[in-house]
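A closer look at the structure
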Amino acid sequence: MSAAVGGAPSASASPNANASTSVGRRWPERVLGILTGSAATVPLLALGAMVVVLLVEAWGAIRYNGWGFFSTTEWNTGSLYSSGGIVHSGGVAHIAGERFGAFAWIVGTLESSAIAIVVAVPIAVGAAIAVAERLPRRLAAAFGLFLETLAGIPSVVIGLWGVLVLGPVLANDVYPVFTHLPNVPVLNWFRGAVGHGEGLLTSGLVLGVMVIPIIAATSRDLLRQVTVAREEGAEALGMTGR
């Protein structure tokens, strides 16, 4: 009796004490979960707010241009000096003669992106395989640092380099050769006027240079995450070894 009273606490009190201790330990985790969850929703809320504001501000243009904005190529800003001046169409005030169609811009974006992918993916993946699997460790570390440095260059800097350096070089030294290509489908795309180097090919090459270090660095990290067991299993199934 005396042992029960003066000794260890009774069994009935032990679960309550453990429960209170467990709750005391869990509340910081719950607070941290709430804070991190709230922080994770902020970008989604910001994106949703941007979409809402964009739709509200562009609603007049959407009503005026309709779906033709995506399917036509006319891009006419109109003129305030014309006889019409400011006119109303469907309750939307706009400049007389004003009409916009983004089909050419959309297609140009897709084409330049396709050129960039065709140019960048083989080079970037090949560089990643070389860094992760083939090169000595010190040389791979140096190339990895080089890739990460290139990936950190702002896109506007690469764009200016493309406009001021790459474009003129291509226009003066490379594109004139294309004028001698046969006048056949696909090849005749390169026979147009070169100007100062503007065009889809230059845009695609600049975009390719822009994404090569990003794709290479990402592919290198993914290759390094492959375990030895998986590599040995692939070799056992007939894959070429290192």
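Note: the structure precedes this text.
This write-up is about the structure you can find in this document. Predicted, not measured: the structure shown is a model, and the values here were computed from it. (Residues numbered from 1 in each chain as written. Predicted model: local features only at pLDDT ≥ 70, side-chain atom pairs only at ≥ 80, totals over all residues. Heavy atoms only, no water.)

1. Remarks on a nonpolar patch on the surface
A contiguous nonpolar surface patch, about 860 Å² in accessible area, is contributed by I153, V156, V157, L160, W161, V163, L164, V165, V169 and V209. The dominant element in the nonpolar patch, judged by the number of residues it contributes, is helix α6 (residues 155–178), at eight residues. Along the chain, I153 turns up in the loop between α5 (137–151) and α6. I153 sits in the partly exposed class, given a relative accessible area of 33%. (Patch = residues over 30% accessible without salt bridge, like charges linked within 9 Å, V, L, I, M, F, W, Y side chains within 5 Å. Areas by Shrake-Rupley, 256 points an atom, 1.4 Å probe, with all protein chains shown as cover. Salt bridge = Lys/Arg side-chain N within 4 Å of Asp/Glu carboxyl O. Helix = DSSP H or I, 4+ residues; strand = E, 2+ residues; numbered from the N terminus. Buried < 20%, exposed > 50% of the residue type's maximum accessible area, 1.4 Å probe, protein only.)

2. Brief notes about the pattern of salt bridges
Summed over all chains, the structure comprises two salt bridges. Between E148 and R220 there is a salt bridge, with its nearest N and O atoms 2.9 Å apart. Of this pair, E148 sits in helix α5 while R220 is found in helix α7 (residues 200–224), placing the two residues 72 residues apart along the sequence. Given the relative accessible area of 4%, R220 is considered buried.

3. Some details on the nonpolar core
Note on soluble globular proteins: their nonpolar side chains tend to be buried together. Within the largest apolar cluster, seven residues are counted, these being A120, A124, V131, A140, L147, I212 and A216. Counting residues per element, the ones that place at least two in this core are α4 (103–134), α5 and α7. Counting residues per element, this core draws most heavily on α4, at three residues. Excluding residues within four positions of it along the chain, I212 makes contact with A120, I123 and A124. If you look at the next biggest cluster of nonpolar residues, it comprises five residues, including I158, L166, L170 and Y175. (Core = buried A, V, L, I, M, F, W, Y, C linked by side-chain atoms within 4.5 Å. Contact = heavy atoms within 4.5 Å.)

4. Regarding the pairing of strand β2 (residues 86–89)
In terms of strand pairing, β2 meets strand β3 (residues 92–95) through four bridges, oriented antiparallel. Counted as the bridge partner of S89 is V92 from β3. Remark: two residues form the turn of the hairpin made by β2 and β3, two consecutive strands paired antiparallel; G90 in that turn has positive phi of roughly 65°. (Pairing = 2+ DSSP bridges.)

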